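The residues making up each chain are set out below.
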Amino acid sequence: MRRLLLAAALAGLLPAGALAAAPVTPATPAVPEGVALVLSGGGARGVAHLGVLKVLEELRVPVDCVVGTSMGAIVGGAYASGMALDEMERRVRAADWTEMFQNALPRDEQPFREKQDSAGNRSAITLGWGGGEFRLPQSAITGQQLDLFLSGLAGDVESLSAFDTLALPYRAIATDLETGGMVVINDGPLWRAMRASMAVPGVFLPIEHHGRLLVDGGLVMNLPVDVGRELCGGRVIAVNLGTPPFGRERLNTVADIVLQAINLALEQNVQQQLGRLGEGDVLVEVDLQDISSRDFTRVLDTIPLGERAARAAAAELARFAVEPEVYARWQMHRQARLQRPAPIVTKVEVEGLRHVPPAGILAGLRQKEGHPLDSAVLEADLQRLYARGDFERLRYRIERDGAYGRLFVEAVDKSWGPNYLRFGGGLAADLQGGGAVGLFAGLSRRWLNDWEGRLNLDAQVGTSNRLRAELFQPLGLKSSWFVAPVAQVGMRSVPVYENGRKQADFRVREATIGLDLGYELDEWGELRAGWHRGREKGEIISGVEVYPKQNVEQGKLRVSAVLDRLDSPFFPRRGVRAQLLGEWHSGRFGSDLDYRYMELDTSWVRSRGPHSVLVNLTLAGSPDHELPAAGRYTLGGPLRLSGYRYGELAADQVAMANVSYYRLINTLPEALGRGVYLGGSLEWANLRNDALDAPSLGNRNSMSLFLGADTVLGPLYVGVAYASRVGEPRYYLLFGQPY
């Protein structure tokens, strides 16, 4: 580029002074007149660099290279790659900064089996287990969604031999986690350099690069003036976002104290680099007021503050300005991003796996060798594989050789897997002596074999006790078909009410085995059909002999279909869920009883702003009228005819409708949950119980008001309800899922 500008100057097309400010593509320290743009780190505050870049473009200030740390490395990398500033801002504004820093994909995009665990609150707490000890994640945030965003900013997944081949030479600063030394990243995929530079230890997963484990560069050089001056010349435009320490009134939590310690360390190395600035340099100090490095909900507020700071330094920045035609040529060069056709993939390889076999990834990719790279399809496949829950990160890069390229999938499976301990449970009380309590613990062993077999061993103790083992075995890596042998023993207590008075507690002991054949519908749901055989014993353990003792053989054919696209199982704000269950108990399947049971349960929710409306419809019961004592459908408790106690109503046939409204009144940090809600419900049901000769159960209605929270440990619900037939309010407390 400099040679072209020199030729233009000799031809009399450019003013002689334009050479001093012309950009340098093959930048070297030997060019003293070069201008280095140095962007500091700052977390969420770093988006302010966009505002500074806006003013630089208005003033027609070209630069010869870009060096950045942390968020400065991200903004600087996108700018050095040639991305237009308005496109960069569009992407920043369109990004969901809340979901970007979540480990899991939105629930409605997760595989169905993951949804099952969350709906039953069986994975509220998950730990790894191996070598006789608990295993924990290396970081709070794995960063898969962030990696995807950075890939879009970088514009290419190609692994570059040197960042000098970008539109502007570029460097990202990182810290070697093992030695504590500074690492200047000058090659590899651009998105990975950005990502390594902002990997705050303990918050983001460290990034491996050339055998080094890298974390946030701000720990060693948050404002890399020296690196910028060395890269492309003697003059520097430094943009410092500052890391002001909190006042004592802000040091209230562990997170605040840790962040304060980091800020103090950053400020020391920033002051050292500020001392390296000379008379020919320009410093832009951005006052970001009370916006902290973790205020990612306020990133857009930082852009005008960056503009304001740059305009305040406009007189000094104007020293680097060039004529309009010179700047136009520079901008054309910067944005002339190399447009090459997608490479023909000659080989697909997987790197970095520990316990997941490479075939487990390759089988899920539609990209074929000998075909052009289809980035959109590949990204979708990687997101679907990531959603299974086996990986911390799943990205890719291309190593080109002319029109061809080798595709490398960079897969980091969970360091705390493949054995996972899962904990959950909860308690429910109607504040009148009724309710339930349950604690859940389970062991999940994934990748038992190369076909992704999974063994789940579950235990629940409390009001109901249960031991359950299921082997979930797909019939091939690419197959949606699966078989699932299951064995279960348990005991549960069924309350028996008559005319609102508790008459007895009926205890049921059961042991069953079964075999299901099913078909997974990816994140949508599943279909199952199977034969189950066992024995069931039931007896009254307290109260009057409402039901006779029973000791029967059970044998049934069971079919089910589930569709689940809710974004939360507890307080959803979008989506739909439907479940259809059918059971045929018959002597031909080994049963002493002959009856049929069907259940259809559907939920639909829509939101606008903080307001949500949930509609639930349920049809359940037997066309054969009388069900066995332990098989009746029970109602009562929050949002299930809330004006009645838990299990107060039992029926052979049920039709129920529920309309709930709730308003989001506060959000929760990701570590705690999703949100806090205030709402109410209107509920109606028609019931029939033939066994108790009570067809007059008839129509029942109820209404409720509640305060709830969608927490990582399950739903938290405090409510009051009223039913006209009861005539008095009922109060409820629910935390987690006790059943």
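Predicted, not measured: the structure shown is a model, and the values here were computed from it.

Cut-offs and rules
Residues numbered from 1 in each chain as written. Predicted model: local features only at pLDDT ≥ 70, side-chain atom pairs only at ≥ 80, totals over all residues. Heavy atoms only, no water. Helix = DSSP H or I, 4+ residues; strand = E, 2+ residues; numbered from the N terminus. Buried < 20%, exposed > 50% of the residue type's maximum accessible area, 1.4 Å probe, protein only. Contact = heavy atoms within 4.5 Å. Areas by Shrake-Rupley, 256 points an atom, 1.4 Å probe, with all protein chains shown as cover. Lys, Arg positive; Asp, Glu negative; His and termini not counted. Charge placed at Lys NZ, Arg CZ, Asp CG, Glu CD. Disulfide = S-S within 2.5 Å. Pairing = 2+ DSSP bridges. Salt bridge = Lys/Arg side-chain N within 4 Å of Asp/Glu carboxyl O. Expected span 1.5 Å × (residues − 1). UniProt positions renumbered as here; feature names shortened; annotations may be inferred.

Colleague: Honestly, the overall build of the protein in this entry has me stumped. Any pointers?
Modeller: For the protein, the count of helices and strands is 16 helices and 33 strands. Overall, the protein is about 105 × 55 × 45 Å in size when its C-alpha atoms are taken along their principal axes. The buried share of the protein, reckoned over its 739 residues, is 51%. Across the protein, every contact between residues at least 6 apart in sequence was considered, and the portion connecting residues at least 24 apart equals 65%. Accessible surface, the protein: about 31,900 Å² in total, of which carbon and sulfur atoms supply 57%. Side-chain charges of the protein comprise 79 positive and 85 negative groups, with the mean position of each set lying 3 Å from the other.

Colleague: Whenever I open this one, the state of the cysteines confuses me. Can you help?
Modeller: Here a disulfide denotes a covalent bond joining the sulfur atom of one cysteine to the sulfur atom of another. Evaluation of the coordinates by the stated rule reveals 1 disulfide. Disulfide pairing is shown between cysteine 65 and cysteine 232; the S-S distance is 1.9 Å. Where cysteine 65 bonds to cysteine 232 through sulfur, the torsion about that S-S bond is close to -60°, and the disulfide is left-handed. Separated by 167 residues along the polypeptide, cysteine 65 in strand β2 (residues 65–69) and cysteine 232 in helix α10 (residues 225–232) bring together distant segments of the chain. The residues cysteine 65 and cysteine 232 share a single accessibility class, namely buried.

Colleague: Got a minute to help me understand the pairing of β2 in this structure?
Modeller: Regular strands have side chains that alternate between both faces of the sheet. Where burial is concerned, most of β2 is hidden: 5 out of the 5 residues are buried. Burial along β2 is two-sided: the face carrying Cys65, Val67 and Thr69 and the face carrying Val66 and Gly68 are both buried. In terms of strand pairing, strand β1 (residues 35–39) meets β2 through 4 bridges, oriented parallel. The partner of valine 38 across the bridge, within β2, is valine 67. As judged from the 4 bridges shared by β2 and strand β6 (residues 170–176), these two strands associate in the parallel manner. For glycine 68, the partnering residue across the bridge sits in β6 and is alanine 172.

Colleague: Just checking my understanding: could you explain the pattern of salt bridges for this structure?
Modeller: Should the charged atoms of two oppositely charged side chains come close, the side chains can pair. Per the counting criterion, the structure on display carries 54 salt bridges. Between aspartate 164 and arginine 171 there is a salt bridge, with its nearest N and O atoms 3.0 Å apart. Exposure remark for arginine 171: the relative accessible area of 12% places this residue in the buried category. Ionic pairing is found between arginine 492 and glutamate 510, a salt bridge with its closest N-O pair at 3.4 Å. Of the two residues, arginine 492 sits in strand β20 (residues 481–498) while glutamate 510 sits in strand β21 (residues 501–520), which places them 18 residues apart along the sequence. The partly exposed category is assigned to glutamate 510, whose relative accessible area is 22%.

Colleague: Teacher, can you tell me more about helix α4 (residues 71–81) here?
Modeller: Along an α-helix, residues three or four positions apart point the same way, because every turn accommodates 3.6 residues. Among the 11 residues that make up α4, 11 are buried, leaving the element largely enclosed by the rest of the structure. Among all positions in α4, only Met71, Gly72, Ala73, Ile74, Val75, Gly76, Gly77, Ala78, Tyr79, Ala80 and Ser81 are buried. Phi turns positive one or two residues past the end of α4, at glycine 82, with a value near 110°.

Colleague: Mind showing me how you'd approach the side chain of serine 642 here?
Modeller: Relative to the assigned elements, serine 642 resides in the loop between β27 (633–635) and β28 (649–651). In this structure serine 642 touches Gly637, Ser681, Glu683, Ser702, Ser704, Ala721, Arg730 and Tyr732, once residues within four positions along its chain are discounted.

Colleague: Where do I start with helix α12 (residues 299–312) in this structure?
Modeller: Between its first and last C-alpha atoms α12 spans 21 Å; for 14 residues at 1.5 Å apiece the expected length is 20 Å, and the two agree. Among the residues of α12, those classed as buried are Val299, Thr302, Ile303, Leu305, Gly306, Glu307, Ala309 and Ala310. Check the buried side of α12 and you find it contacts α3 (48–58), α5 (85–94), α6 (97–100), β12 (282–285) and α13 (314–317).

Colleague: Would you mind showing me how to read the UniProt feature "domain: PNPLA" (unreviewed entry) in the protein here?
Modeller: UniProt marks residues 37–229 with the feature "domain: PNPLA" (unreviewed entry), using the numbering shown here. Helix makes up 35% of residues 37–229 and strand 21%, and the two end C-alpha atoms of the span are 9 Å apart.

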